[in-house]
Amino acid sequence: MFEKTPLDRSMQLYYERRAPEYDDWYDRRGRYHDPRTNPAWHAQLAELGREAARFGGGLARAPRLRVLDLACGTGKWSPYFVHSLQPTGRLVAFDYSAAMLAETRVRLEEDDPANLTKTLFVRGDAYALPFLDSAFDLIFMGFWLSHVQRERLYPFLGEVKRIMRPGGNLLVFDSALREGVPAEAVARRPLLNGQTYDVLKINYAPAQLEGILARLFPQTSVRQTRDFFLIAQASL
C-alpha cells in the first residue's frame, strides 16, 4: 500500500464532496454544457454504453460470475454489468468514497430494486485491493486510470491482474489525449460551492495505453472514439 500524499487526500475529498454533482459531467449540465460539442459527447457516451453492455453480457450464462466495478463513482456503468448476472452472480461496487457508493446504490435501486440483491458495496483503497487472488471474472474501471500517478501505475495494474481469474477480462473507459488537452496536469478543480481541490489527470493516446496494458495482459486492444474517450480491453 502506498503512503497517502497531500494530492491523494485532495482527490479523495474532492470526489467525496463532488458525488452529488458528479453526473453533471456525464450529462453536460452547468459548467460542462457546451452546445458546440454536446451532440458528439452524448453520441460517444452512448458508444461507451454499448461497449459496457457487450462486456457485461459476455459471460451472462456463467452461474457464479463475479464482476468488479473498480472506483465505481456514481455507478454510471454498474447497471450494464448487474443486468447480465444470474441470481448467484455478484457485482462488487468498490470505491473509496462513501458518498459515491451511496450514489451507486441509489442508481442501481432506481434502475431495478432486484439489482441490490446481486450487488455488494465495498469501501476501500484502490491501491490496497482487499480481494483474494483470482476473485473476479470481469473487472471494469471507468475514468479512474487517468488519476493513477505514473510511479504507481504498474504496481496498481499488477494488483488488478492478481485479482482477475485466468481467462478473465478487463474493460477500461477513460479520457483520450487530444488536441488542446494536456498529457498530464494537476488542476485546481472547483465544486459548485466554490471549494477547490487539486486533481491529477493523465490523458493517454491509444498506443500509449495499449503498450502499458500489454506489459501485464497478453491480449490487449485500445481504441479511441471520434473525440473524447478511450476504450481498452485486456484479458489473461
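Here, the structure is the one placed above.
Residues numbered from 1 in each chain as written. Predicted model: local features only at pLDDT ≥ 70, side-chain atom pairs only at ≥ 80, totals over all residues. Heavy atoms only, no water.

Colleague: Where do I start with the overall build of the chain in this structure?
Modeller: Of regular secondary structure, the chain possesses seven helices and nine strands. Radius of gyration (C-alpha) of the chain: 17 Å, near the 18 Å computed for a compact globule of 236 residues. Projecting the C-alpha coordinates of the chain onto the three principal axes gives extents of approximately 45 × 40 × 35 Å. Residues counted as buried form 50% of the 236 residues belonging to the chain. (Helix = DSSP H or I, 4+ residues; strand = E, 2+ residues; numbered from the N terminus. Rg over C-alpha atoms; globule rule 2.2 N^0.38 Å. Buried < 20%, exposed > 50% of the residue type's maximum accessible area, 1.4 Å probe, protein only.)

Colleague: Before we go on, may I ask you to explain the side chain of H147 in this structure?
Modeller: By secondary structure assignment, the location of H147 is in the loop between β4 (136-142) and α6 (150-163). Beyond its immediate stretch of four places on either side in the chain, H147 contacts M11, Y15, Y127, R189, V199, L200 and K201. (Contact = heavy atoms within 4.5 Å.)

Colleague: I would appreciate a short explanation of the nonpolar core in the present structure.
Modeller: For soluble globular proteins, nonpolar side chains are generally found buried alongside one another. With 70 residues, the main nonpolar core has L70, W77, F156 and L170 as its most contacted residues. Leaving out residues up to four positions away in the same chain, W77 has contacts with Y26, L45, L48, G49, A52, D69, F140, F143 and F173. (Core = buried A, V, L, I, M, F, W, Y, C linked by side-chain atoms within 4.5 Å.)

Colleague: What is the right way to read the sheet that holds strand β2 (residues 90-95) from this model?
Modeller: Picture the strands of a sheet paired through backbone hydrogen bonds; they go either parallel or antiparallel. An order of β3-β2-β1-β4-β5-β9-β8 is seen for the seven strands of this open sheet, with the pairing classed as mixed. The open sheet has two edge strands, β3 (119-123) and β8 (219-224), and neither has a second partner. The mean inter-strand angle of the sheet, taken between neighbouring strand axes irrespective of direction, is 15°. Relative to β2, strand β1 (residues 66-70) is paired through five bridges, and the arrangement is parallel. Residue pairing in the sheet places D69 in a bridge with A93 of β2. Where helix α5 (residues 98-111) meets the sheet, its contacts fall on β2 and β3, and the angle it forms with β3 comes to roughly 170°. Contacts from α6 reach β1, β4 and β5 (164-175) within the one sheet, and its direction differs from that of β5 by about 140°. (Pairing = 2+ DSSP bridges. Axes fitted to C-alpha atoms, helices over the stretch in contact; angles between N-to-C directions.)

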